[in-house]
Amino acid sequence: MHRAARMEWFLLALRAGRASVPLSSHAAASWRLVSALIAALCVTANAGLAAADTELELVPAVFSYTQPAQENRGRALLEIAGVYTVGFTFFLATNKLLPAYDVGYSWPVFRKKLLGEGLELDLNGLNTNFVGHPAGGSMYYTMARSNQLNIAESTAFAIGGSLLWELFGEVREFISINDMIVTPLAGVAIAEPLLQLGAFFDRSSPALHNRILGAVFAPVKALNDALDGRTLARATTQDAYGFPSNEYHRFDLRLGAAATLQSALADGPSGRRSFESRLSLASYLVRLPSYDGVGRHARWFADGNLSSIRIDAGLNGTGLVDFDLRTYVALAGVYARHASRAADGGVRGQGTVVAWTVGFQYALHDHDRDRRWPRERIASVQPLGLLMEQRIAWGALRWVVHVEGGLSFGGARPYALPAYTERADAVMLTQLVEDNRYAFVRGAHVLAAISLALNQLELAGSARYESYDGIDVPVAIRDDLLLLQARTSLALGASPVRLSLLLQRRARAGHMGAAQASRADTSVALELGAHYE
């Protein structure tokens, strides 16, 4: 198919995806905004594809060896069977099935499961559905991918593993709709970035720390490589830290101290101040030619060429007050780059990437440190994500615009639930909400980020908006979250050490029936960390 025709198909699919999924007005507006931005950038990228001279510069293989490696589907099945056996044993030993949820073990029940008639949203806790099942999906996916299978086939193994578990593992339950969505999708969104990270260190220098990190982030692959006697192919050109110099990478590690002021309650005293320690870990890997350097390229990609893992955490005297894990991988996309070497030795030019992503999120935050409301918990998979990144270089000046957004399915603790239950007429709660204090939700998210770097100084800002609506609930549930961040970072000489100042504003609002609640907090943090790029 011609490049222009393929881009037109992509734009049509974008519109069709929006039309086929019912969303709240907030989520729909967010999706339209992201669609408009990315559609415009797709046109820009399409023009670049038509104009650029495509170079056949090879992108490093995810798993690089001195000799070609063969797929081993048989061993992948055996390893998944081992995971299944351990999981089933643990399930039998620890599971306490609710009597009202036990459908029994009989042919009529099993027949309904085979025919797709026994389907329902289950009543398990949030951590079971959005920690345990993502972990299982990650293992299914990892076993296949670590045996040299591609992303599509590994995803099929994760889907098959999830289905077999629903049919034969949880034999006394109907098939869980949410598990069939979350298990394989979270498996892709979590396991692929981890494997990409482990493989990156495998392509780096054979220094001890790289060998350890490669095994830590991709342990099954490391074991299979040892069993097969494979020799890793290291990058021929490396930077000062032993990382491949022809692959874009960004690693950030930050430790800091923050002061947080929560907004005052309508019927209470002034907002509460608190102090906390903060930790941030982030990786961003790109296997595309000249992503931040000199080159003229235009190409499609479909091999997990962009991946990201990010963890932010906050801790004070009462315990964990903030935790945010986000991962995503780009399954397919288009990339264009046109940059040259200037007379002064700097890089001048720009590049654009537009991609379809699959992501996962698990977040916790204490919005109410001055009252006994539960901590917020939101967990979701994002199967239909869109990402755009524009990078402009002008000598020492670098400008990056990053936009992403998409649809979500997950579980969230309704922020207005305490306010709803305090009402005299509050009686309509599902068993899931009453027992586990969360509801299944669908929604959308939008992130816009921009950074400007000049020599040792970097200025960055971002805005993220999330909107969720309850699924299968007797009263309307809607939750909204807005996170604004601004960070100034200064590199200390030529070392990777950076000193940063972070300003953050987080606003949360919830509606449940006629009840509503909202809260905001503002944080200022001083951070010291290391940055490798």
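Residues numbered from 1 in each chain as written. Predicted model: local features only at pLDDT ≥ 70, side-chain atom pairs only at ≥ 80, totals over all residues. Heavy atoms only, no water.

Asks: Looking at this model, I keep getting lost on the nonpolar core. Mind explaining?
Replies: Most often, soluble globular proteins have nonpolar side chains that are buried together. Counting 35 residues, the largest nonpolar core has Phe130, Tyr141 and Phe360 as its most contacted members. Secondary-structure elements contributing two or more residues to this core are helix H3 (73–94), helix H5 (126–145), helix H6 (151–169), helix H7 (177–203), strand S7 (319–341), strand S8 (347–365) and strand S9 (376–394). Top element by residues in this core is H7. It accounts for seven residues. Aside from chain neighbours lying at most four places away, what touches Phe360 is Phe130, Pro134, Ala186, Ala189, Ile190, Leu325, Arg326, Thr327, Ser380, Val381 and Gln382. (Core = buried A, V, L, I, M, F, W, Y, C linked by side-chain atoms within 4.5 Å. Buried < 20%, exposed > 50% of the residue type's maximum accessible area, 1.4 Å probe, protein only. Helix = DSSP H or I, 4+ residues; strand = E, 2+ residues; numbered from the N terminus. Contact = heavy atoms within 4.5 Å.)

Asks: I tried to follow the side chain of Asp368 on my own but got confused; where do I start?
Replies: Along the chain, Asp368 turns up in the loop between S8 and S9. Within the structure, the side chain of Asp368 is placed 2.9 Å from the side chain of Tyr415, a separation counted as a polar contact. Here Arg519 takes part through its side chain, which lies 2.9 Å from a polar atom of the side chain of Asp368. Look past the residues within four positions of Asp368 in its chain and what remains in contact with it is Gln262, Trp373, Tyr415 and Arg519. (Polar contact = N/O pair within 3.5 Å; in protein donor to acceptor, adjacent residues only side chain to side chain.)

Asks: Would you take a moment to explain the packing of helix H4 (residues 107–114) against H6 for this structure?
Replies: Describing two packed helices takes the angle between their axes plus the distance from one axis to the other. Close contact between H4 and H6 brings their axes to 10 Å; oriented N to C, the two are set at 165°. Judged on the interaxial angle alone, H6 and H4 are roughly antiparallel. In this structure, H4 meets H6 at a crossing whose hand is right-handed. Along its contact with H4, which presents Phe110, Lys113 and Leu114, the element H6 presents Glu166, Leu167 and Phe168. Looking at the contact of H4 with H6 residue by residue, the classes come out as four nonpolar, no polar and two charged. (Axes fitted to C-alpha atoms, helices over the stretch in contact; angles between N-to-C directions. Parallel < 35°, antiparallel > 145°, perpendicular 65-115°, else oblique. Left-handed = near helix turned anticlockwise from the far one by under 90°. Nonpolar A, V, L, I, M, F, W, Y, C, P; charged D, E, K, R; others polar.)

Asks: Just to check I follow, could you spell out the confidence of the model for the chain for this structure?
Replies: The predicted coordinates should not be examined in detail at positions where pLDDT is low. Averaged over the chain, the pLDDT score is 86; the fraction of residues at 70 or greater is 85%. Every residue in residues 1–21 is under pLDDT 50, and counting partners more than four places away or in other chains gives 27 contacts. Counting contacts from residues 44–56, a segment whose pLDDT is below 50, to residues more than four positions away or on other chains yields 24 contacts. (pLDDT = per-residue confidence, 0-100.)

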